Structure formats: C-alpha cells, structure tokens
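Read off the chains here:
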Amino acid sequence: MLSPKEFATLMLVRHSPDQIDMNRQELDTLLERQLVALEQWKEGHRRLSLTIAGRSLLEALGRLDDVAALPAAFGNERLAAGL
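Just so you know, these numbers come straight off a predicted model, no measurement behind them.

A. Region of interest: helix 1 (residues 4-15). Along its 12 residues, helix 1 runs 17 Å from first to last C-alpha, staying within 8% of the 16 Å computed at 1.5 Å per residue. When we look at burial in helix 1, the residues that qualify are Glu 6, Thr 9, Leu 10 and Val 13. Relative to the axis of helix 1, the buried residues are bounded by an arc of 105 degrees and lie together on one face. In helix 1, those exposed residues whose orientation departs by more than 90 degrees from the buried face are Pro 4, Lys 5 and His 15.

Spelled out as structure tokens, the structure:
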C-alpha cells in the first residue's frame, strides 16, 4: 500500500516531472515498486517518468471517482447514499 505522500508524488511525476525534487524520500519507494523510472534525458540530466504499472495505477484510481459519481438509478444506491 502506498502512503498519501507516495500517491501525491506519483501524480507529480505524471503531471510535472521536471518540478520534482529528486531527493524526495517517496521516490525510493516508487522506484522500488517500479511505478516510476529514471530516464537519461539530457547529458548529465535525468528525468522521472511513469512506468506502465504507475500509469495503470493512476488510471485505476481515476475510475473509482467515476463509479462513485453514478446516481442511484444505475444500481449504486449504497454509493449514492454515502454508505
């Protein structure tokens, strides 16, 4: 399970890879779990990118919001009621 900070860092890698401090502690976990990768971008400069697993994880999280937003008419009475 990832921590909230690790999820936030994963989202930063997706949207702003050049803005991330490469010394963030969360990057170690994301690299270890192969959710992000370091690419050689320019000579002497590395850039973070999402791996297929990292992209899939973020896409799966995005789908959860869509399901929760469905009205009760679609069989989500418990979700619509906030249960």
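So that's the structure; there's more coming.
B. Inspection of the environment of Arg 55 at higher detail. Tracing the backbone through its elements, the reader meets Arg 55 in helix 3 (residues 52-68). Sequence-wise, Arg 55 and Met 11 are 44 residues apart; in three dimensions their C-alpha atoms are separated by 9.4 Å.

C. Fine view of the confidence of the model for the protein. Of all residues in the protein, 75% attain a pLDDT of 70 or more, and the chain-wide mean is 79. At the low end of the mean pLDDT range in the protein sits helix 4 (residues 77-80), at 45; at the high end sits helix 2 (residues 25-32), at 94. Across residues 72-83, where pLDDT falls below 50, the model places 8 contacts with residues more than four positions away in sequence or in other chains.

D. Inspection of the side chain of Glu 6 at higher detail. Locating Glu 6 in the fold gives a position in helix 1. Buried and unpaired, Glu 6 has Arg 33 as its nearest opposite-charge partner, separated by 5.6 Å. Among the polar contacts made by the side chain of Glu 6, one reaches the main-chain amide nitrogen of Ser 3 at a distance of 2.7 Å. Not counting residues up to four positions away in its chain, the partners in contact with Glu 6 are Met 1, Glu 26, Thr 29 and Leu 30.

E. The arrangement of the pattern of salt bridges in detail. One pass over the structure, following the stated rule, counts 2 salt bridges. Taking the shortest distance from any N to any O, the salt bridge between Arg 47 and Asp 18 comes out at 3.3 Å. Highlighted residues: Arg 47 in strand 2 (residues 45-50) and Asp 18 in the loop between helix 1 and helix 2, separated in sequence by 29 residues. Owing to a relative accessible area of 25%, Arg 47 belongs among the partly exposed residues under this scheme. With relative accessibility at 43%, the residue Asp 18 sits in the partly exposed group. The salt bridge involving Arg 24 is made with Glu 26; its shortest N-O contact spans 3.3 Å. The exposure class of Arg 24 is partly exposed, given its relative accessible area of 27%. Given a relative accessible area of 14%, Glu 26 falls into the buried group.

The rules behind these values
- Residues numbered from 1 in each chain as written.
- Predicted model: local features only at pLDDT ≥ 70, side-chain atom pairs only at ≥ 80, totals over all residues.
- Heavy atoms only, no water.
- Helix = DSSP H or I, 4+ residues; strand = E, 2+ residues; numbered from the N terminus.
- Expected span 1.5 Å × (residues − 1).
- Buried < 20%, exposed > 50% of the residue type's maximum accessible area, 1.4 Å probe, protein only.
- Arc of directions from axis to C-beta.
- pLDDT = per-residue confidence, 0-100.
- Contact = heavy atoms within 4.5 Å.
- Lys, Arg positive; Asp, Glu negative; His and termini not counted.
- Salt bridge = Lys/Arg side-chain N within 4 Å of Asp/Glu carboxyl O.
- Polar contact = N/O pair within 3.5 Å; in protein donor to acceptor, adjacent residues only side chain to side chain.

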